[in-house]
Amino acid sequence: MAGTGLVAGEAVVDALPYFDQGYEAPGLWEAAAALVEEETRRYWPTKNHLSYLPALDYSAFETDIMRNEFERLAAGQPIECLA
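Residues numbered from 1 in each chain as written. Predicted model: local features only at pLDDT ≥ 70, side-chain atom pairs only at ≥ 80, totals over all residues. Heavy atoms only, no water.

> When you look at the pattern of salt bridges in this model, what are you seeing that I'm missing?
A pair can form between side chains of opposite charge whenever their charged atoms are brought close. Applying the stated criterion across every chain yields a total of five salt bridges. Arg-72 is the partner of Glu-69 in a salt bridge, and the nearest nitrogen-oxygen pair spans 2.8 Å. Separated by three residues within a single helix, Glu-69 and Arg-72 lie in helix α2 (residues 64–75), roughly one turn from each other. For Glu-69, a relative accessible area of 32% puts it in the partly exposed group. The network of salt bridges with common partners includes Glu-62, Asp-64 and Arg-67. (Salt bridge = Lys/Arg side-chain N within 4 Å of Asp/Glu carboxyl O. Helix = DSSP H or I, 4+ residues; strand = E, 2+ residues; numbered from the N terminus. Buried < 20%, exposed > 50% of the residue type's maximum accessible area, 1.4 Å probe, protein only.)

> How should α2 be read in this particular structure?
An ideal rise of 1.5 Å per residue puts 16 Å on twelve residues; α2 measures up with 16 Å between its terminal C-alpha atoms. Phi turns positive, to about 75 degrees, at Gly-76, one or two residues after α2. (Expected span 1.5 Å × (residues − 1).)

What follows is the structure, encoded as structure tokens:
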């Protein structure tokens, strides 16, 4: 079991609530939420783990049609009828 730990007495909290039974026990949801809250208070990311990646170039996948539409929208022009 991944991340096994005892919570609220003998209830075991793991990562398979859709499969395992016993998650309807009173207070179990609150106990799990308290564990998550405690961990988020202790953990504070200090490093950007994506800093080695180049900056994204969103225009790399634009076609001429898309570019024209973005320009039309930026200029506030209405869409042309396709009649």
